[in-house]
Amino acid sequence: MGQKIGMIGLGIMGSAMSANLLKAGFSVIGYDVIPEKVKALVDHKGIGATSCKEVAAESEIVITSLPSVEALHDVVHGQEGLFASEKEGLLVIEASTLPLESKIEAYQALKDVGIELLDCPVSGSGAQAVKKDIVVYASGTQQTCERCAQVFDGFSRANYYVGEVGMGTKMKLVANLLVTIHNVSAAEALVLGMKAGLDPKVIYKAISDGGGSSRMFEVRGPLMVSGKYDEPTMKVELHQKDIKIITAFANELQGPTPLMSVAAQIYTAASANGRAKQDTAAVCAVMEEMAGIKRD
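Residues numbered from 1 in each chain as written. Predicted model: local features only at pLDDT ≥ 70, side-chain atom pairs only at ≥ 80, totals over all residues. Heavy atoms only, no water.

Draft legend 1. Region of interest: the environment of glycine 227. Turning to its location among the elements, glycine 227 is positioned in the loop between helix H12 (215-226) and helix H13 (236-253). In this structure glycine 227 comes out as partly exposed when scored by relative accessible area, which is 33%. Linking glycine 227 and arginine 295, residues 68 residues apart in sequence, is a C-alpha distance of 8.6 Å. (Helix = DSSP H or I, 4+ residues; strand = E, 2+ residues; numbered from the N terminus. Buried < 20%, exposed > 50% of the residue type's maximum accessible area, 1.4 Å probe, protein only.)

Here you go:
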């Protein structure tokens, strides 16, 4: 068995990353606050842990994939957290999409006990993560990021070094702005085509092969064509968290984001219509309702 990697957070992204690391020959020890997720890792030949501190004790490199600022704070500062492990020389790859200030706070806190944190959010959906079709935006000490290249290769198709700690999050927010817009534009195009009498399957196939396509059209399009959104790889409510982070980031920089501001309203409508737990492709259903389209 290869190098042991710790994984804290075994949700949609963390579980997919763990599975690919295992396939790549790494040993993975993981922890999640939901015991069933730890069991799922064990069922896939990983090692279960009962705390973040245990993961740190058994690993040289720990990846964190977390849903919220509160979760990151608990992982870092909790009684059984990474700070409490005081494992000097431990390297933490923080892969979540969270506000920049929370990443910097975690970086400074862990630095005080000799633990280095890299800010390395990933671009791609859960479905893409399963296929190892995600990209890492690595930031921190360049030498340390280069040291992690084999680990990045274990769960992603590419990684880019973008600068000092915090630059990874900035790059991810720029990428997520495009994801937000492109997902809605894919739905808008499909709904217009259906309104015109075109077969959604034909729309998807033809557009995917032409100049009007986008990565989001290709990834979310099949869900929009099927109209089935109840097995999410990115929930509407979770993406709305990302939208809030991008909006705050842009406002601080006084950067204009008019297209994202309009697109954000469609996600709000999706939540208001009871679709918060569905895949973000459900914005297509919102657009269909606006267009007066009813599918069988």
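Draft legend 2. Highlighting the packing of helix H10 (residues 167-195) against H12. Two numbers describe how H10 lies on H12: the axes approach to 9 Å, and their chain directions differ by 45°. With respect to their mutual orientation, H10 and H12 come out oblique. Of the two elements, H10 crosses H12, and the hand of that crossing is right-handed. On the side of H10, the interface is formed by Val179, His182, Asn183, Ala186, Ala187 and Leu190, while H12 contributes Met216, Phe217, Arg220, Gly221, Met224 and Val225. Residue composition of the contact of H10 with H12, by class: 8 nonpolar, 3 polar and 1 charged. (Axes fitted to C-alpha atoms, helices over the stretch in contact; angles between N-to-C directions. Parallel < 35°, antiparallel > 145°, perpendicular 65-115°, else oblique. Left-handed = near helix turned anticlockwise from the far one by under 90°. Contact = heavy atoms within 4.5 Å. Nonpolar A, V, L, I, M, F, W, Y, C, P; charged D, E, K, R; others polar.)

Draft legend 3. Examining the pairing of strand S8 (residues 135-139) more closely. Counting buried positions over the 5 residues of S8 gives 5, a clear majority of the element. Of the two faces of S8, the one carrying Val135, Tyr137 and Ser139 and the one carrying Val136 and Ala138 are both buried. Pairing geometry for strand S7 (residues 122-123) and S8, over 2 bridges, is antiparallel. Paired with valine 122 across the bridge in S8 is valine 136. As paired strands, S8 and strand S9 (residues 158-163) are joined by 5 bridges and run parallel to one another. Across the sheet, tyrosine 137 pairs through a bridge with tyrosine 160, a residue of S9. (Pairing = 2+ DSSP bridges.)

Draft legend 4. Summary view of the nonpolar core. Ranked by size, the top nonpolar core spans 33 residues in total, and within it Met224, Tyr229, Val283 and Cys284 carry the most contacts. Breaking this core down by element, the ones donating at least two residues are H10, H12, H13, helix H14 (258-272) and helix H15 (283-291). With 9 residues, H10 is the largest single contributor of residues to this core. Apart from the residues within four sequence positions on either side, valine 283 is in contact with Asn183, Val184, Ala187, Met224, Ile266 and Tyr267. Listed in part, the 29 residues of the second largest apolar core include Leu21, Val38, Leu41 and Ala138. (Core = buried A, V, L, I, M, F, W, Y, C linked by side-chain atoms within 4.5 Å.)

Draft legend 5. Representation of the side chain of histidine 239. Counting through the fold element by element, histidine 239 comes out in helix H13. Leaving out residues up to four positions away in the same chain, histidine 239 has contacts with Asn176, Val179, Thr180, Met234, Tyr267 and Thr280.

Draft legend 6. Representation of the packing of aromatic side chains in the model. Summed over all chains, the structure comprises 2 aromatic pairs. Between phenylalanine 152 and phenylalanine 155 the ring centres are 6.3 Å apart and the planes differ by 85°, which places this aromatic pair in the edge-to-face class. One end of the pair, phenylalanine 152, and the other, phenylalanine 155, are both in helix H9 (residues 149-155), 3 residues apart, so they sit about a helical turn from each other. An identical accessibility class is assigned to phenylalanine 152 and phenylalanine 155; each is buried. With 5.7 Å between their ring centres and 10° between their planes, tyrosine 204 and phenylalanine 217 make a pair best called stacked. (Phe/Tyr/Trp six-rings, centres within 6.5 Å; stacked < 30°, edge-to-face > 60°.)

Draft legend 7. Structural detail: the packing of H10 against H14. Where H10 contacts H14, the two axes come as close as 9 Å, and the packing angle between them is 60°. Classified by the interaxial angle, the pair formed by H10 and H14 is oblique. Between H10 and H14 lies a crossing of left-handed hand. For the pair formed by H10 and H14, the contact residues are Leu177, Val179, Thr180, Ile181, Asn183 and Val184 on the first element and Leu259, Met260, Ala263, Ile266 and Tyr267 on the second.

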